[in-house]
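# What the coordinates show
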Amino acid sequence: MKRRLAIVALELWLPVTLVVVWWYVSADSTSPFYPPLERIVEVFEDTWVFERVDEDLLPSLSRFVQGFVLACVCGVAIGLALGLWTPVRRALTPVIDFMRSIPVTALVSAFIVLLGFGDSMKVSMIAFASFFPILLNTIDGVRGVSSEQLDMARAYKVRGPDRIFRIILPAASPQIFAGLRVALAVALLVMAFSEMTGGTNGLGFFILFAQDTYRIPEMWSGIVLLGLVGYAVNLCFVLVERWVLRWHRGWRAMTESGGGVV
Amino acid sequence: MRQLAKTYGEGEGAVEAIRDLTFDVESGEVLCIVGPSGCGKTTLLKCLSGLLRPSGGSARLEGKPIDGPPDALALVFQDYSHSLLPWMTVRGNVTLPLLAKRMPKAKRLQLAADALNAVGLDGFFHAHPWQLSGGMQQRVAIARALAYQPRLLLMDEPFASVDAQTRADLEDLVLDVHARFGITVVFVTHDIDESIYLADRIVVLTHRPTTVKEIVPVRLPRPRDQVATKALPAFTELRGHVFQLIKSERMGQTPAPV
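What comes next is a walk through the structure. From a predicted model like this one, the values you see are computed outputs, not experimental measurements.

### A few points about the overall build of chain B
When helices and strands are tallied, chain B shows nine helices and 11 strands. Seen through its C-alpha atoms, chain B measures out along the principal axes to roughly 55 × 45 × 40 Å. Expressed as a percentage of its 258 residues, the buried residues of chain B come to 45%. Partitioning the intrachain contacts of chain B with sequence separation of at least 6 by distance along the chain shows that 70% fall at a separation of at least 24.

### Points about the interface of chain B and chain A
Counting residues at the interface gives 25 residues for chain B, matched by 24 residues for chain A. The residue inventory of the side of chain B that touches chain A, partitioned by class, reads 15 nonpolar, nine polar and one charged.

### Notes on helix α8 (residues 160–197) of chain A
Residue and element names in this part refer to chain A. Under the 1.5 Å per step criterion, the end-to-end length of α8 is only 45 Å for 38 residues, more than 12% shorter than the ideal 56 Å. Along its length, α8 reaches its greatest deviation from straightness, about 55°, at Ser-173, and the proline Pro-174 lies no more than four positions downstream. Downstream of α8 by one or two residues, Gly-199 has phi in the positive range, about 110°.

### Quick notes on the sheet that holds strand β7 (residues 73–76) of chain B
The strands that make up a sheet are held in pairs by hydrogen bonds between backbone atoms, and each pair lies either parallel or antiparallel. Residues and elements named next belong to chain B. Across the sheet, which stays open at both edges, the seven strands sit in the order β2-β11-β10-β4-β9-β8-β7 with mixed pairing between neighbours. A strand with exactly one partner marks an edge of an open sheet, and here the two such strands are β2 (18–20) and β7. When the angles between neighbouring strand axes are averaged without regard to direction, this sheet yields 25°. Bridge analysis of strand β4 (residues 30–34) against strand β9 (residues 184–188) gives four bridges, and the strand direction is parallel. Pairing of Ile-33 across the sheet is with Val-188, part of β9. Against the sheet, helix α1 (residues 41–48) touches β2, β4, β8 (152–156), β9 and β10 (201–205), its axis set at about 155° to β8.

### Examining the pairing of β8 of chain B
Residue and element names in this part refer to chain B. Burial within β8 is extensive, with five of its five residues counted as buried. The alternating pattern of β8 places Leu-152, Leu-154 and Asp-156 on one face and Leu-153 and Met-155 on the opposite face, and all of these are buried. Sheet analysis places β7 next to β8, joined by four bridges and oriented parallel. Residue Leu-73 lies in a different strand from β8, and its bridge partner there is Leu-152. Alignment of β8 against β9, held across five bridges, turns out to be parallel.

### Focus: the packing of helix α4 (residues 105–118) of chain B against helix α5 (residues 134–147) of chain B
Each packed pair of helices is defined by two parameters, the angle between the axes and the distance between the axes. All names here are of chain B. With their axes 8 Å apart at the nearest point, α4 and α5 run at an angle of 135° to one another. Classified by the interaxial angle, the pair formed by α4 and α5 is oblique. Both α4 and α5 take part in a crossing whose hand is right-handed. Residues Leu-111, Ala-112, Ala-115, Leu-116 and Ala-118 of α4 touch α5, and the partners they reach there are Ala-143, Leu-146 and Ala-147. In terms of residue class, the contact of α4 with α5 is built from eight nonpolar, no polar and no charged.

### Quick word on the nonpolar core
Among soluble globular proteins, nonpolar side chains are generally buried collectively. In this structure, Ile-126 and Ala-187 of chain A together with Ala-143 of chain B are the most contacted members of the largest nonpolar core, which totals 133 residues. The greatest single-element share of this core, amounting to 14 residues, is contributed by α8 of chain A. Once residues within four sequence positions are removed from consideration, Ala-187 of chain A is found in contact with Phe-64, Gly-67, Phe-68, Ala-71, Ile-126 and Ser-130 of chain A.

### Overview of the environment of Val-182 of chain A
Among the secondary structure elements, Val-182 of chain A is positioned in helix α8. For the pair Val-182 of chain A and Asn-137 of chain A, spaced 45 residues apart in the sequence, the C-alpha separation amounts to 9.9 Å.

Scoring rules and cut-offs
Here, residues in each chain are numbered from 1, in the same order as that chain's written sequence. Numbering of ligands from 1 and lettering of chains from A proceed in the order in which they are written. Note on the predicted model: pLDDT of at least 70 is required for a residue's local features to be given, and 80 or more for side-chain atom pairs to be given and counted; whole-chain, interface and lining totals, by contrast, use all residues. Counting from the N terminus, the helices are the DSSP runs of H or I reaching at least four residues and the strands are the DSSP runs of E reaching at least two. Field definition: a residue is buried when 20 or more other C-beta atoms are found within 10 Å of its C-beta, exposed when 12 or fewer are, and partly exposed for counts in between, with C-beta atoms placed from the backbone. Residue pairs are scored as contacts if the distance between their C-beta atoms, which are placed from the backbone, is within 7 Å. Each residue gets one label: Ala, Val, Leu, Ile, Met, Phe, Trp, Tyr, Cys and Pro are nonpolar, Asp, Glu, Lys and Arg are charged, and the others, such as Gly, are polar. Expected span of a helix, by definition, is 1.5 Å for each gap between consecutive residues, and there is one gap fewer than residues. Values of bend correspond, residue by residue, to the angle between axes fitted over the seven residues ending at that residue and the seven starting there. Two strands are counted as paired when DSSP detects at least two bridges linking them. Every axis corresponds to a line fitted to the C-alpha atoms, with the helix fit spanning only the stretch in contact, and the corresponding angles, defined between N-to-C directions, vary from 0 to 180 degrees. Note that the term roughly parallel is reserved for angles under 35 degrees, roughly antiparallel for angles over 145, roughly perpendicular for angles of 65 to 115, and oblique for everything else. Handedness of a helix crossing follows the sense of rotation of the near helix relative to the far helix, less than a right angle counterclockwise being left-handed and clockwise being right-handed. Any nonpolar core is a set of buried residues, restricted to Ala, Val, Leu, Ile, Met, Phe, Trp, Tyr and Cys, that join up through C-beta atoms within 7 Å.

Encoded structure:
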């Protein structure tokens, strides 16, 4: 318990200090660009509790979730196929490398031309950008399944869906999760960016619109909210990862120490 | 009585691992395979289990050529930390091979419970393999093989990485399982004492490219005992003989590149 408190204190001291410093340093600010933190907090309350939640926050989250889930499904499914099927992987690697080399921000015009300014453009952009880290990590993870595990599967005739869902995907899951983690950050980034390029709602749109209309405290409040959303999303992800990969930590501890625990 | 027969002859290829192996495995016996290190014991076992295709000659199980993993065969690997799946519980690992056998779930669980009891792991059904010691993990691997209900059990240096005491216990477990279930056992090892203690016959292999050096019958009484059996003059004699065979193999060869 004491240890836990110590850890929490160690984790909290810097954020708390930063907020306190920001609060006092900005307290007497008269600059319209750096409003006092107190003012930002007031605006934050007025705006986000819960005035514009329906209007901006929820649409953003919805696009984010749709895009990310789409990327997960496609990334894992295609990555699995390419990881298992060497000739196809060889045939597609140049195209994949080319597509993932294009900064997604540069593709925004193409997405707008093809899909307009609506949700489908934003969701597609999020999905496209976060697809590649998942794809590449899944391919690597699937290729890295140990030969002992594959031999075991063959010797005991574990085939078809059992082989994929009980052996290959779990074995690749630590690497897949590494890809998901990167993809999550990319998805948040592209979510905010895509909303800034067009449309009429969303956090990105709100921040840019507030800036354009000189409502600077509102702009800051949007940025703070975006940070909080990112933080919360990451936290959820880490909890899911820890639960799904709980075997992995135990197994690594064993193989590294070279023996069992009991 | 079933007659298990395997005939080997393998050649060609860039590295000639196994030149010509011809021997039979009698139904119900324990056959140990020993040889100098790097002599292709694992290659041989992979051919027997259908994981590798021989480049010449053939391996037959009950008269049928082995061209893929046979149903009647179960395998215990050397490296339990990889061959057991760490994301599954002990029971999950044992029932996994049974999924393809299309039996009711109750039957699967019953087979798994029986096998785990037979290896002394009742009470560890819901543990994960990495929570167990190395010896216990290898017991899980043996239970997985038993639940599969094979007629032939192949073991590839299964006890190479456990300590001496655990190893003796596991050797007795193999003998116990063999006596109780009447399974034919082919046991690959580099430990001469272990091979004599377990075997009805020992196949001594030559250096690469591998051929059969000699087949040594082991006429020690069963049941065997770690102390009494190993104290028999016949045991010492056999050990000397097998040791000489392997040593002559090592001497007669130009030093193998490391």
